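Listed below, chain by chain, are the residues.
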Amino acid sequence: MLSKEQKKARFTEFYLISHPISANLLCDKDNHLMLKDQSMDEFEASMPYAFRIAGEMAEIQSQSLKPLRGLGEKLTDLLDYLKFQAKKIDLMMSYILQQQDDPNNRVSAIKFGGGGVVIETTQEIELGETCIVKLFLETESTAVYCYAEAIEFVELDGRNQISFLFTHIRDTDQELLVRASLHLQTAALRKQQNKAD
């Protein structure tokens, strides 16, 4: 059992970016202990199929174009064609994943990273409660399904900002969140640099 300080350290272990993304939060006080005690195999077996393949597709795509980059200019047209094909798959996957977005459980994630997410909600959630979290990353055309524990609570303007530490998340999905946060940070830095020029 981790202490409060250890949980906060794990939460901040990865870079956390302030960027709003769509999310679903499903907290069930009757089942939160069952979620908390699941093994990773049980977690992955309970994961909706669309989320299972989304992570695998994102990983395959990021790895598939790497070998071609070093083959020179002769393959520029082929590389462009493959990028267009990847974009078509991204659009289709994004559409499939949007079907997993339940308006009844929709919340706003205002910060995210590889260790956790900060969600703004009017829901009453107790510290230590484990919830199902779905994160929809439009910029990456993917989504992440995980379990997370509420570890910190801040009230701001009548809304609750709750920090959730990921307790059950696949390594590939955690890496995807890290990459997405870095992509967004790079884009923000470029935007600032362009304004300064």
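Use the structure listed above.
Note that this is a predicted model, so its numbers are computed, not measured. (Residues numbered from 1 in each chain as written. Predicted model: local features only at pLDDT ≥ 70, side-chain atom pairs only at ≥ 80, totals over all residues. Heavy atoms only, no water.)

### Observations regarding helix α6 (residues 76-98)
Point 1. Taking 1.5 Å per residue, 23 residues should reach 33 Å; α6 reaches 33 Å between its end C-alpha atoms and fits that length.
Point 2. Buried within α6 are the following residues: L79, A86, D90, M93, S94 and L97. (Helix = DSSP H or I, 4+ residues; strand = E, 2+ residues; numbered from the N terminus. Expected span 1.5 Å × (residues − 1). Buried < 20%, exposed > 50% of the residue type's maximum accessible area, 1.4 Å probe, protein only.)

### Some details on the nonpolar core
Point 1. F112, V117, L135 and F164 are the most contacted members of the largest nonpolar core, which totals 26 residues.
Point 2. Breaking this core down by element, the ones donating at least two residues are β1 (16-26), β2 (106-113), β3 (116-121), β4 (130-137), β5 (142-156), β6 (159-168) and α7 (171-196).
Point 3. With sequence-adjacent residues up to four places away left out, F112 is seen in contact with Y15, L16, I17, H19, I21, V117, L137, L177, A180, S181 and L184.
Point 4. Counting 13 residues, the second largest nonpolar core, distinct from the first, contains L35, M47, L97 and A143. (Core = buried A, V, L, I, M, F, W, Y, C linked by side-chain atoms within 4.5 Å. Contact = heavy atoms within 4.5 Å.)

### Digging into the sheet that holds β5
Point 1. Strand order around the closed barrel formed by six strands is β1-β2-β3-β6-β5-β4, with antiparallel pairing between neighbours. The mean inter-strand angle of the sheet, taken between neighbouring strand axes irrespective of direction, is 45°.
Point 2. Taken together, the five bridges between β1 and β4 define a ladder with antiparallel strand orientation. Bridge pairing links L26 to I132 in β4. (Pairing = 2+ DSSP bridges. Axes fitted to C-alpha atoms, helices over the stretch in contact; angles between N-to-C directions.)

### A few points about the pairing of β1
Point 1. Of the pairings in the sheet, the one linking β1 to β2 comprises seven bridges and is antiparallel in character. Counted as the bridge partner of S18 is K111 from β2.

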